[in-house]
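So you can see what is in the structure, the chains are spelled out below.
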Amino acid sequence: QVQLVESGGGLVQAGGSLRLSCAASGSIFNINSMGWNRQAPGKQRELVARITRSGTTQYGDSVNGRFTISRDNATNTVYLQMNSLKLEDTSVYYCYAFAGGTGYWGQGTQVTVSS
């Protein structure tokens, strides 16, 4: 089992920045990839960014160039630096981790971008 605790969401003005954190605990030795998805009301959950243990990253088209994912393997924490935030980035952001072929999800953290 892997437990994920997210932090860093909140309210920010368009053009601003936020940094999300997600700390993993439990069977962390088995974690391969970690990342973030998001889901806005009435929309499907979409990939924001993910990163493998070796550091390979992938980003969703809508955030590429504005968001940066990073990972601290020593503390099993993944970070999402979000810059140049847009109104359409408003969503609940979910941290996830894949370990031993199983996906684990955090509770989600709300990010609201205001005009």
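A. Representation of the pattern of salt bridges within the structure. Under the criterion given, the structure shown has three salt bridges. Here R38 ties to D89 by a salt bridge, and the two come within 2.9 Å at their closest N and O atoms. In this pair, R38 is assigned in strand β4 (residues 31-39) and D89 in the loop between β8 (77-82) and β9 (91-99), connecting sequence segments 51 residues apart. Residue classification places D89 among the buried residues on the basis of a relative accessible area of 0%. With a shortest N-O distance of 2.7 Å, D89 and R66 are connected by a salt bridge. Separated by 23 residues along the polypeptide, D89 in the loop between β8 and β9 and R66 in the loop between β6 (57-59) and β7 (67-72) bring together distant segments of the chain. Accessibility expressed as a relative area gives 11% for R66, which makes it buried. Through salt bridges with shared partners, one network takes in R38, E46, R66 and D89.

B. Looking closely at the sheet that holds strand β3 (residues 18-26). Pairing is antiparallel in the open sheet, where four strands are placed in the order β1-β3-β8-β7. Where the open sheet ends on each side, the last strands, each with one partner, are β1 (2-7) and β7. Mean inter-strand twist for the sheet, computed between neighbouring axes without regard to direction, equals 15 degrees.

C. Representation of the environment of R45 in the model. Along the chain, the position of R45 falls in the loop between β4 and β5 (46-51). Along the sequence, R45 and Y94 sit 49 residues apart, while their C-alpha atoms lie 9.3 Å from each other. At 3.4 Å, the side chain of R45 forms a polar contact with the side chain of Q39.

D. Here's a closer look at the pairing of β7. The side-chain alternation of β7 yields one buried face, formed by F67, I69 and R71, and one unburied face, formed by T68, S70 and D72. The turn joining β7 and β8, which pair antiparallel and follow one another in sequence, is formed by four residues; a positive phi near 55 degrees is taken by N76.

E. Region of the structure containing the state of the cysteines. Under the counting rule described, the total for this entry stands at one disulfide. Residue pairing for C22: its cysteine sulfur links by disulfide to C95, the two sulfurs lying 2.0 Å apart. Where C22 bonds to C95 through sulfur, the torsion about that S-S bond is close to -80 degrees, and the disulfide is left-handed. Of this pair, C22 sits in strand β3 while C95 is found in strand β9, placing the two residues 73 residues apart along the sequence. Across the pair, C95 and C22 agree in class, each one buried.

F. Structural context of the packing of aromatic side chains. Going through the model one piece at a time under the given rule, you end up with two aromatic pairs. Centre to centre, the rings of Y96 and F98 are 5.6 Å apart; their planes meet at 75 degrees, and the pair counts as edge-to-face. What makes Y96 buried here is its relative accessible area of 3%. On the basis of an interplanar angle of 40 degrees and a centroid distance of 5.2 Å, the ring pair of Y96 and W105 is categorised as tilted. W105 sits in the partly exposed class, given a relative accessible area of 41%.

What counts, and at which threshold
- Residues numbered from 1 in each chain as written.
- Predicted model: local features only at pLDDT ≥ 70, side-chain atom pairs only at ≥ 80, totals over all residues.
- Heavy atoms only, no water.
- Salt bridge = Lys/Arg side-chain N within 4 Å of Asp/Glu carboxyl O.
- Helix = DSSP H or I, 4+ residues; strand = E, 2+ residues; numbered from the N terminus.
- Buried < 20%, exposed > 50% of the residue type's maximum accessible area, 1.4 Å probe, protein only.
- Pairing = 2+ DSSP bridges.
- Axes fitted to C-alpha atoms, helices over the stretch in contact; angles between N-to-C directions.
- Polar contact = N/O pair within 3.5 Å; in protein donor to acceptor, adjacent residues only side chain to side chain.
- Disulfide = S-S within 2.5 Å.
- Phe/Tyr/Trp six-rings, centres within 6.5 Å; stacked < 30°, edge-to-face > 60°.

Any functional reading would require information beyond the geometric quantities listed.
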